[in-house]
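# Observations on chain architecture
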Amino acid sequence: MDLALYANDEVSREHLVLRRDAATGQFYVTDQSTNGTWLDGKRLKRGVEEPLAAKAEIGVGEVLKLVFEVSR
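Because the structure is predicted, anything quoted here is derived from the model rather than measured. (Residues numbered from 1 in each chain as written. Predicted model: local features only at pLDDT ≥ 70, side-chain atom pairs only at ≥ 80, totals over all residues. Heavy atoms only, no water.)

## Quick look at the pairing of strand β6 (residues 55–60)
- Taken together, the three bridges between strand β3 (residues 37–39) and β6 define a ladder with antiparallel strand orientation. Within the sheet, the bridge partner assigned to Leu-39 lies in β6 and is Ile-58.
- In sequence, β6 turns back onto strand β7 (residues 64–69) through a hairpin of three residues, with Gly-61 there showing a positive phi of about 55°. (Pairing = 2+ DSSP bridges. Helix = DSSP H or I, 4+ residues; strand = E, 2+ residues; numbered from the N terminus.)

## Concerning the sheet that holds strand β1 (residues 16–20)
- Taken together, three strands build an open sheet; the order of strands is β1-β2-β5 and the sheet is antiparallel. Each edge of the open sheet is held by one strand with a lone partner, namely β1 and β5 (49–51). Direction aside, neighbouring strands of the sheet carry axes that sit 25° apart on average.
- As paired elements, β1 and strand β2 (residues 27–31) share five bridges and run antiparallel to each other. Bridge pairing in β2 places Leu-18 opposite Val-29. (Axes fitted to C-alpha atoms, helices over the stretch in contact; angles between N-to-C directions.)

## Examining unusual backbone geometry
- In this model, Asp-40 sits at a positive phi of 50°, which is unusual for a non-glycine residue.
- Mapping Asp-40 onto the fold places it in the loop between β3 and β4 (42–43).

## Focus: the environment of Glu-14
- The residue Glu-14 is located in the segment before β1 in this model.
- In this structure Glu-14 touches Gln-32 and Ser-33, once residues within four positions along its chain are discounted. (Contact = heavy atoms within 4.5 Å.)

## Focus on the pairing of β7
- Relative to β7, β6 is paired through six bridges, and the arrangement is antiparallel. Counted as the bridge partner of Val-60 is Leu-64 from β7.

Structure below.
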């Protein structure tokens, strides 16, 4: 699913990718941007997939915060 986040020039057209592994149910985030993505306050390396905890805060550029939470 694509989700458009209209904010300002700090948010890239394809800023990040969230992926769920169907076999394990684990979620992952990958930064695809120029201005950065943060996971719980730590900047992600561009193009490197990181696992998401069941509850996490994702920073998009320095303008948006997304709260990620897995419901069971």
